[in-house]
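# Chains, contacts and geometry: an overview
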Amino acid sequence: MTRLVIVGNGMAGARLVSEVRARDRHVKVTVIGAETWQPYNRVLLSNVVAGTMLPDQVRLLDPAWYADHSVTALLGVEVTAIDRETQAVLTADGRREPYDVLVLATGSEAVLPPVPGAAGAMAFRTLDDCRAILAAAGAARRAVVVGGGLLGVEAARGLAGRGLPVTLLHLAGHLMERQLDAEAGMVLGETLAELGVEVRTGVVVEEILGDGVRLAGGETVGADLVVLACGVRPVTGLAGDAGLEVARGIVVDDEMRTDDPSIFAIGECAQHDGTVYGLVAPAWEQAAVVADLVTGTDKTSRYRGSRLVTRLKARSVELAAMGETHLTEDDAEVVRFSHRARGTYRKLVIRDGRLVGAILLGETSAVGTLTQLFDRGSPVPADPSGLLFPGISGSAVAESPVRMPDAAKVCQCNNVTKGQIRACWESGARDVEAVAAATRATTGCGGCRDVVEGIVGWLCEQEGISV
Ligand SMILES: Cc1cc2nc3c(=O)[nH]c(=O)nc-3n(C[C@H](O)[C@H](O)[C@H](O)COP(=O)(O)OP(=O)(O)OC[C@H]3O[C@@H](n4cnc5c(N)ncnc54)[C@H](O)[C@@H]3O)c2cc1C
């Protein structure tokens, strides 16, 4: 019997365990995770900080699941070394776990800025971090979030939603500069300001103090809660110490195999074709490929890379961004609509008649159509402006379940198309929960829930079933 050992019980590791069990009950599976919690949906931690979800609601697998599926799960156990010679991993509590196949799913860790006092501030990566933030937020009167990327924006919005005045400090000239152009960043900042977040960009934090942060130039921004959201770094130490090839992440091929054929790496710790992904959809696709290979279900299974859509999960701020959003008219055809007073900004970037990037801020109903064009590289309509205003009659493509083609990807995180949802409905699933149970749509970031509801509602209506 093949002994499969998985290091890391986060979103990639936990998915791999269930993908393996969905295919095979004979592989002997052991998953070892440093966190003491049952695996949880890290993507939803922003909702926990915002108070819209409880920690129990973000769990990925029930405690009983492991016993029911003959999986050994060691929680709160850190793997400290890989002995490739004898094919075993060693743990901090003195165990030695032999493997035939080893999968590293060690994820990323929060980067702390190299300034005095950073170690005493709070990072935002784990459920433990969330609990610490929430405990401190209860007694705090003012918060500072350092870092205006996706996580910083979500943390700041979440804390402001709890009634705390928040200052969001960001080094770059505009928020979420990796995903957004300058104007979108500015509109986002204005939207956040209306929601109680003071945004300051282009500022350098020089020290984290007991009562706030000190900026370059000497100004102090007062706060009794400081949250750091300064980026993440892949956890590659184990792999590096074992002599595996590591660049920014652990280097893998299309089988997600490292340069040791019995060791794979998936999720945020892995580097595939030069890319380290920071979103969950690639991690879950990679887990499926490894499950196919390890169980022998599909020996031809390969991972070919992902095209990513980033969605913000912050109450009252609709934002989706994909692809090459920074291109200008010099390099591409750019269609843009901006209405700052309403917090709206939309941009399409088209090259050679194909959508290569898009930003939707303030209103994201077109995201499904744009994602489909972006994903599939289909030609955009001759007058692409209709894509920006899907609700207006006569526009080129309406974002309605009726017009959406079966191939349109509805759930980005789980790679579920409208056609799969329809098939699932046809085999008896009559509400979103049943569709989620069968296809996993909506169970990642949850951003597609409205669309899934729309499709299910429309199918029911067609058949005259009341919903
Ligand atoms: C607040 C927040 C919001 C996010 N929002 C989104 C979003 O909207 N959309 C999206 O797609 N992605 C989002 N992400 C990113 C997403 O959560 C990650 O892409 C995903 O969790 C990656 O999964 P992973 O398993 O590779 O890493 P992780 O989920 O980090 O899991 C790695 C696990 O390995 C364990 N580990 C590490 N080293 C060892 C060791 N030596 N021994 C044992 N265990 C070890 C760690 O403790 C951890 O539990 C968000 C992340 C955060 C923090």
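The structure contained in this document is the topic of the report that follows. (Residues numbered from 1 in each chain as written. Predicted model: local features only at pLDDT ≥ 70, side-chain atom pairs only at ≥ 80, totals over all residues. Heavy atoms only, no water.)

### Focus: the packing of helix H11 (residues 418-426) against helix H12 (residues 432-439)
- Where H11 contacts H12, the two axes come as close as 10 Å, and the packing angle between them is 110°. Viewed along their axes, H11 and H12 adopt a mutual orientation that is roughly perpendicular. Of the two elements, H11 crosses H12, and the hand of that crossing is right-handed. Residues Gln420, Ile421 and Cys424 of H11 form the contact with H12, whose participating residues are Val435, Ala438 and Thr439.
- In terms of residue class, the contact of H11 with H12 is built from four nonpolar, two polar and no charged. (Axes fitted to C-alpha atoms, helices over the stretch in contact; angles between N-to-C directions. Helix = DSSP H or I, 4+ residues; strand = E, 2+ residues; numbered from the N terminus. Parallel < 35°, antiparallel > 145°, perpendicular 65-115°, else oblique. Left-handed = near helix turned anticlockwise from the far one by under 90°. Contact = heavy atoms within 4.5 Å. Nonpolar A, V, L, I, M, F, W, Y, C, P; charged D, E, K, R; others polar.)

### Describing the state of the cysteines
- Applying the stated rule across the entire model yields zero disulfides.
- Note on Cys445: no disulfide assigned, nearest cysteine sulfur contributed by Cys413 at a separation of 3.9 Å.
- Looking at Cys445, the relative accessible area reads 21%, which means it is partly exposed. (Disulfide = S-S within 2.5 Å. Buried < 20%, exposed > 50% of the residue type's maximum accessible area, 1.4 Å probe, protein only.)

### Describing the pattern of salt bridges
- As enumerated under the stated definition, the model contains 31 salt bridges in all.
- Among the ionic pairs, Asp260 bridges to Arg84, the shortest N-O distance being 2.9 Å. Residue Asp260 is found in the loop between strand S18 (250-252) and strand S19 (263-265), and its partner Arg84 is found in the loop between strand S4 (79-83) and strand S5 (88-91); the two are separated by 176 residues along the sequence.
- Owing to a relative accessible area of 30%, Arg84 belongs among the partly exposed residues under this scheme.
- The salt bridge partner of Asp375 is Lys409, with a shortest N-O separation of 3.1 Å. One end of the pair, Asp375, is in helix H9 (residues 367-376); the other, Lys409, is in strand S26 (residues 409-411), with 34 residues separating them in the sequence.
- Lys409 sits in the buried class, given a relative accessible area of 17%.
- If you follow the salt bridges from partner to partner, you end up with Arg15, Glu19, Arg23, Asp292 and Arg440 in one network. (Salt bridge = Lys/Arg side-chain N within 4 Å of Asp/Glu carboxyl O.)

### Some words on the sheet that holds strand S15 (residues 220-222)
- What the three strands build is an open sheet, ordered S13-S14-S15; its pairing is antiparallel. Taken across any chain shown, the strands that pair with only one partner, and hence form the sheet edges, are strand S13 (205-209) and S15. Strand-to-strand twist across the sheet, computed as the mean angle between neighbouring axes with direction ignored, equals 20°.
- With three bridges connecting them, strand S14 (residues 212-215) and S15 associate as antiparallel partners. Within S15, the position partnered with Arg214 by the bridge is Thr220. (Pairing = 2+ DSSP bridges.)

### Notes on the environment of Val289
- With respect to the helices and strands, the residue Val289 is situated in helix H8 (residues 280-295).
- A residue is classified by how much of its surface remains accessible, and Val289, at 6% relative accessible area, is buried.
- Between the C-alpha atoms of Val289 and Ser301, which are twelve residues apart in sequence, the distance is 5.6 Å.
- Not counting the four nearest positions on each side in its chain, Val289 is found in contact with Asp254, Glu255, Ser301, Arg302 and Tyr303.

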